[in-house]
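So you can see what is in the structure, the chains are spelled out below.
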Amino acid sequence: MAADRVDGYLRFRNVKKSYDQKTLVVKDFNLELAKGEFLTLLGPSGSGKTTVLMMMAGFESVTSGDILLDGNPITRTAPYKRNIGMVFQNYALFPHMSIAENLAYPLKVRKKSKAEIAERVQRYLDLIELGDFGNRTPGQLSGGQRQRVALARALIFGPSLVLMDEPLGALDKKLREQMQLEISRLHQKLGFTVIYVTHDQGEALTMSDRIAVFDRGVVQQCAAPDVLYEQPANAFVADFIGENNFLPGVVTRREGDWVRVRISGGGEIEARCADCGDVGSDCLISVRPEKLFIEEAGHDYDNRFGALLKTRLYVGDFIRYFFELDDGTEVVVKVLNDHAAPELSMSEKSLLLSRRRDCFAFARK
Amino acid sequence: MQRFPDYYGFWHRLGHYALRYTAYGVLGFLVLPILVIVPLSFNVEPFFSFTRGMLMLDPEAYSLRWYRAIVDNKNWILAIKNSFFIGIFATILATVLGTLAAVGLASPRMPFKRLIMALLLSPMIVPLIIIAAGMFFFYTKFNLAGTYLGLIIAHAALGVPFVIITVTATLSGFDRSLYHAGLSMGASPLRTFRDVVVPLIRPGVISGAMFAFVTSFDEVVLVLFLAGPGQRTIPRQMFSGLREQINPTILAVATLLILVSILFLVSLELLRRRSQRLRGIEE
């Protein structure tokens, strides 16, 4: 996996950005990227992820710190000399040029020969399966086709890095999923290095080698998708990625990585300590809805606590149960819809079970 | 016959027709004084009024003699040449400067945007006579009074605001990421401007240029103040013709000018449609 070969092809060193000289939009950003890696910057709007991308492209200046590409600082290099491809959310195809002319433009700027341009344009048109569309204008293409052209145009000149700024944001759900596969396919085939910005975690999880989760200008966690989902570093990541239950409590015992927490809803839970404090400090336990089980015999679970069933939501492939603890905390349990799905009646006290490795304790601020 | 909704009563109908005929009246008021010139310019007699023959549509009462009079008079020929010469160069100057100003003003980083915009548009608002007087004194210091260059610069200054307004309007719909896209593909800012920005704002540039040309073409106050006898333009010649030798030659020139204006209006409209089509493509 690309995440293992961090060789510092692209390096951000203490990068900071401020627009008004007072507040930092990006606070001390550090990151290393391997060649060929697909890195996603994920975060809510205003978290600073797009600013990082703009600094990378050279459209925004870096307030302090360095960006090194292949060992060379590019912080003071003009955008058009960086050799970085970019895919924009609104495609940014030139409306007055045909598709082929759009693709040819970066090659023309680089003074390639006519024959080479024609050959390469056709190769990339075929690559995005729009071989016969060269003479059309962007206005005659659908959204998905336009984005494929934009992608090809960002790749055709063999850039050292490709930046993608929410490239699928303007597409509908189905097209978005097709395009995710398309981008992944091209990435595997051509092996380019990508920085991808999105606020859509589904997109991030399915496509990336690594994801850097942003919040308020700070990287909260940078890890492979499965690590991010299964071992969130703090409460923000646990909440932002996927669905999660949060149970407030107090740490009562601490032993290495493991803690025991008395939850306010009644009962004790053993959990892996992510960033929780010492004994006596307030904390939050997170446990995913699909890692909670409703009272089953014959299994060995570490944690068990009582809860009252409030609502049952039939979704189809699974059923969502809404429970309430004694202190009013809501807990969601997701159960696959198979023969073992428990038959529960409303307002009945049930026992919820979980393994301790699926529970995480975070500091409560 | 007009079909009215069923609930329309007498007063509704009366109001409807009153509005309609008032509108016709206003339209006639605006257009008739211009249209009346056209047949008069074909008058065989040296009068500014319709003769009995003209009213009876007698072909003998009409002639092209006043059009011939233009061609035969070297003053008129010089005036026409001057008008086009000054107009064309003033337009080029105004278009280049106005477009650059509009592009600069569209940049999000431009400070004092409103103030600069107001200053640049001021030639449109400040009374011409004041500009003319100011330029007259200013030009004598630099020996520009009575020169072609002086008039070209003066008319360009009047034309710049029109170019700024039309180009700014086109730029407001311009997607800045297109500019960024050009840079990201390795084109320098200048090259991106030439290959991407200019083709897309061209309709605005061209209609601005036309406004600038018409402004120069029809300008008389600055010419009265700044032009020497050698730089007489069409409006200036008409102005003196009106006082010195009253004959329908002026009307013939006016008819030709109307023709030129209509050509301009039509091409403006075609351009507007083209730019709308281009924008339709964008989204």
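Scoring rules and cut-offs
- Residues numbered from 1 in each chain as written.
- Chains lettered and ligands numbered in written order.
- Predicted model: local features only at pLDDT ≥ 70, side-chain atom pairs only at ≥ 80, totals over all residues.
- Helix = DSSP H or I, 4+ residues; strand = E, 2+ residues; numbered from the N terminus.
- Buried ≥ 20, exposed ≤ 12 C-beta atoms within 10 Å, placed from the backbone.
- Contact = placed C-beta atoms within 7 Å.
- Rg over C-alpha atoms; globule rule 2.2 N^0.38 Å.
- Nonpolar A, V, L, I, M, F, W, Y, C, P; charged D, E, K, R; others polar.
- Pairing = 2+ DSSP bridges.
- Axes fitted to C-alpha atoms, helices over the stretch in contact; angles between N-to-C directions.
- UniProt positions renumbered as here; feature names shortened; annotations may be inferred.
- pLDDT = per-residue confidence, 0-100.

> How would you explain the overall build of chain A if you had to name every residue and give the values?
For chain A, the helix and strand inventory stands at eight helices and 20 strands. For chain A, the spread of C-alpha atoms along the principal axes amounts to about 75 × 45 × 35 Å. With 365 residues in all, chain A has 40% of them scored as buried. Once local pairs closer than 6 in sequence are excluded, the contacts in chain A between residues at least 24 apart make up 66%.

> So what's going on with the overall build of chain B? Which residues, and what values?
Looking only at helices and strands, chain B features 13 helices and zero strands. Going from N to C terminus, chain B has its helices and strands arranged as α-α-α-α-α-α-α-α-α-α-α-α-α. Scaling as 2.2 N^0.38, a compact globule of 283 residues should have a C-alpha radius of gyration of about 19 Å, whereas chain B reaches 24 Å, well beyond that. On the principal axes, the C-alpha backbone points of chain B span a range of 75 × 70 × 30 Å. Among the 283 residues that make up chain B, the fraction classed as buried is 30%. Sequence-distant contacts in chain B: of pairs separated by 6 or more residues, those separated by 24 or more amount to 75%.

> Please give an account of the interface of chain A and chain B that cites residues and values.
The interface of chain A with chain B comprises 22 residues on the first partner and 18 residues on the second. Of the residues assigned to the side of chain A that touches chain B, the class counts are 15 nonpolar, six polar and one charged.

> Mind laying out the sheet that holds strand 4 (residues 64–69) of chain A, listing which residues take part and the relevant values?
All names here are of chain A. One open sheet holds the four strands; their spatial order is 2-1-4-5, and the pairing between them is antiparallel. Edge positions in the open sheet fall to strand 2 (24–33) and strand 5 (72–73), since each of these has one partner strand only. As defined by bridge partners, strand 1 (residues 10–18) adjoins strand 4 across five bridges and the pair is classed as antiparallel. Residue pairing for strand 4: leucine 10 is matched across the bridge by leucine 69. Strands in contact with helix 1 (residues 49–57) are strand 1, strand 2 and strand 4; relative to strand 2, the strand with the most contacts, it is inclined by about 65°.

> Mind laying out the UniProt feature "transmembrane region" (unreviewed entry) in chain B, listing which residues take part and the relevant values?
Look at the UniProt record and you will see "transmembrane region" (unreviewed entry) annotated at residues 21–42, 84–106, 118–139, 145–171, 209–230 and 250–271 of chain B. Overall, residues 118–139 of chain B shows 91% helix and 0% strand. The separation of its end C-alpha atoms is 24 Å.

> Give me the lowdown on the confidence of the model for chain B, citing residues and values where you can.
On average, residues of chain B score 87 in pLDDT, and 96% of them reach the 70 mark or higher. The ipTM, which scores confidence in the relative placement of chains, is 0.82 for this predicted complex, and the corresponding pTM is 0.78.

> So what's going on with the sheet that holds strand 20 (residues 360–363) of chain A? Residues and values would help.
The strands making up a sheet are joined through hydrogen bonds of the backbone, oriented either antiparallel or parallel. Residues and elements named next belong to chain A. Read once around its circumference, the closed barrel built from five strands follows the order 11-12-13-20-14, with strand pairing classed as mixed. Pairs of neighbouring strands in the sheet enclose a mean axial angle of 55°, with direction left out of account. The sheet contact formed by strand 14 (residues 282–287) and strand 20 spans four bridges and is antiparallel. In the sheet register, isoleucine 285 faces strand 20, and the bridge partner there is alanine 361.

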